[in-house]
Amino acid sequence: MFTKSADSHLCSGVDTHGILLFRTLIGKVFGSIGSVGGGLALGKEGPLVHTGACIASLLGQGGSTKYHLNSRWFNVFKSDRDRRDLVTCGCAAGVAAAFRAPVGGVLFALEEVTSWWRSQLMWRVFFTSAIVAVVVRTAMGWCKSGKCGHFGSGGFIIWDVSDGQEDYSFAELLPMAIIGVIGGLLGALFNQLTLYITTWRRNHLHKKGNRVKIIEACLVSVLTSVISFGLPLLRKCSPCPEPDPASGIECPRPPGMYGNYVNFFCSKDNEYNDLATIFFNTQDDAIRNLFSAKTINEYSSQSLLTFLVMFYGLAVVTFGTAVPAGQFVPGIMIGSTYGRLVGMFVVKYYRKLNIEEGTYALLGAASFLGGSMRMTVSLCVIMVEITNNLKLLPLIMLVLLISKAVGDAFNDGIYEEQARLRGIPLLDSKPKYEMRNMMAKEACGSGRVVSLPRVVKVSDVVSILQSNTHNGFPVIDHTRSGEPLVIGLVLRSHLLVILQSKVDFQHSPLPSDPRTGGRSIRHDSGEFAKPVSSKGICLDDIHLTSEDLEMYIDLAPFLNPSPYIVPEDMSLTKVYNLFRQLGLRHLFVVPRPSRVLGLITRKDLLIEDAENVNTLELQATSNSASE
């Protein structure tokens, strides 16, 4: 048998304490407002996903008990599975709200958030994303007058490129494939650089306290401001193109407005600074300009290359600071920049009018995200939803597959790398190759299994809880012949509840009811529900007298009598797939059974259908007899 330690991620049976607290939610909301509004090289989608998960977690337990903001109306999610499902819905809602992409939010939850997908969870996540789409659409309609700032500008589809390039030739597949290769290389390099810098921060910088984290964030903000203001001053202004009334674009833009053609200290009124046009815009407007088909020759290759190098470096340095940060929008900025650079060369080489730079900018954005995050299906759908151009779907799929394959040759995705750095034991989608030649008993480790008898002394329970951090313990009983028998699994959190309440203590070392093997539980089910916004009961907070330590507890009413069990010689690959796909926390390894009690097939599980078939056969028999 083997058990897992107490620290483990919500979506894979792992609990990371403090990640879904109420104060974390408040910090994410106001921190992301400041970081995104301050113009740092980060995005809002990551904090929105975390915000949705925090809200879902708090609703799942009825609110925050620490701040007295709880209600019994929402306190209906008692089991870990229900709470994980609710957090999954919250993550999907965050993606759907960030990109106004409800279907993309559903697929993001399927591909990245949960490892145990069920049809019941599918419709719950779909319902949540649909509600988010309706609410966002309603809020945008109410904010059209401009009373909400820039929220609602650009329409429900953030970067609409439906009027862009309509067709492509096979000769363009080569430069598009090159974009995929570039995206895979730059994405893998981004992951590696952020991993090195984050490791250095954790080992040297962040150990010095929170004051150092604040100073670091301020320094990164100052560096970003210096680069954003200083670099455009080194660029020469360019004359405005001929005005096109049909496009609705003014050059230069009016002061205080966001869009194309920024006049940044230009000597003439009809000039603009192309580098300032990227830096001095909101991220949405800057990406819209790079994607647009109406901005031909707006940017020079020198300005795009300068912005690519500097923004790439800023994104690497900013990631990992003590500010809420997402990498989706910066990834789009980086990818669309080198994609547009490739598009400029393709337009000059092929000399065709139907080739547009904005198309390659879109493919570059998809390639960098695929090379860094290694998402495929969800990312593809999100890109289609936010650009409203279904014609480019095959090309987006092509660059995503190429960039992911190139990136996988060097390292894992950015989510997996950062989770591994933080010690979160997330399981990969497939087992390692070495597991094919290993058995289940080889993964149990050399340590002795910590088990409990059915009737255990209170002092022994306290001693076991103090000596290790296991989350679950096998419960052993003995048959009449004296052979040990595993009768179930008891959780650490349940033992702490029993010790704190003391109502289940007994003086006798014998089972309380030998005839039935247990007795009724004198606890409410809510007492055993795992709190999400706190660490729960701590052993140091439980005060036991010397008399209490000499008493006994019958564990039969509190254990799980049917834990998942595998034979000791089962292939470790099968054990891995079972553990991951079922979202398990513990798995018992036992000797091979000596005899077979029965055999269950698929038909044995179709109980209702079998009854209906028998009923139909009886009806048919009676009808034929009456005839």
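- An unreviewed UniProt entry lists the protein chain under the name Chloride channel protein, with Medicago truncatula as the source organism.
- Per UniProt, the protein chain carries the Sequence similarities (unreviewed entry) text "Belongs to the chloride channel (TC 2.A.49) family."
- One UniProt comment on the protein chain, placed under Subcellular location (unreviewed entry), says "Membrane".

1. Looking at the pattern of salt bridges
Okay, so step 1: Scanning the model with the defined rule gives 14 salt bridges in all.
Okay, so step 2: For aspartate 85, the salt bridge is made with arginine 124, and the minimal N-O distance between the two is 3.5 Å. Separated by 39 residues along the polypeptide, aspartate 85 in helix 3 (residues 80–99) and arginine 124 in helix 5 (residues 119–142) bring together distant segments of the chain.
Okay, so step 3: The buried category is assigned to aspartate 85, whose relative accessible area is 5%.
Okay, so step 4: Among the ionic pairs, arginine 420 bridges to glutamate 417, the shortest N-O distance being 3.5 Å. Of the two residues, arginine 420 and glutamate 417 both sit in helix 15 (residues 414–421), 3 residues apart, roughly one turn of that helix.

2. Remarks on the sheet that holds strand 5 (residues 452–453)
Okay, so step 1: As summarised here, the arrangement of the 3 strands in space is 5-7-8, forming an open sheet in which the pairing is mixed. The sheet is open, and its two edges are formed by strand 5 and strand 8 (484–491), each paired on a single side.
Okay, so step 2: When strand 5 meets strand 7 (residues 472–478), the two strands line up parallel, connected through 2 bridges. Along strand 7, the bridge assignment pairs proline 453 with isoleucine 476.

3. Points about the packing of aromatic side chains
Okay, so step 1: Tallied over the full model, the rule gives 11 aromatic pairs.
Okay, so step 2: Taking 4.8 Å as the distance between ring centres and 25° as the angle between the ring planes, the aromatic pair formed by phenylalanine 264 and phenylalanine 280 counts as stacked. Taken as a pair, phenylalanine 264 in the loop between strand 3 (238–239) and strand 4 (271–272) and phenylalanine 280 in the loop between helix 8 (274–279) and helix 9 (283–291) lie far apart in primary sequence, 16 residues in all.
Okay, so step 3: Classification of phenylalanine 264 by relative accessible area gives buried; the value is 11%.
Okay, so step 4: A network of ring pairs unites the aromatic residues Phe229, Phe264, Phe265 and Phe280 as a single cluster.

Cut-offs used in this document
Residues numbered from 1 in each chain as written. Predicted model: local features only at pLDDT ≥ 70, side-chain atom pairs only at ≥ 80, totals over all residues. Heavy atoms only, no water. UniProt positions renumbered as here; feature names shortened; annotations may be inferred. Salt bridge = Lys/Arg side-chain N within 4 Å of Asp/Glu carboxyl O. Helix = DSSP H or I, 4+ residues; strand = E, 2+ residues; numbered from the N terminus. Buried < 20%, exposed > 50% of the residue type's maximum accessible area, 1.4 Å probe, protein only. Pairing = 2+ DSSP bridges. Phe/Tyr/Trp six-rings, centres within 6.5 Å; stacked < 30°, edge-to-face > 60°.

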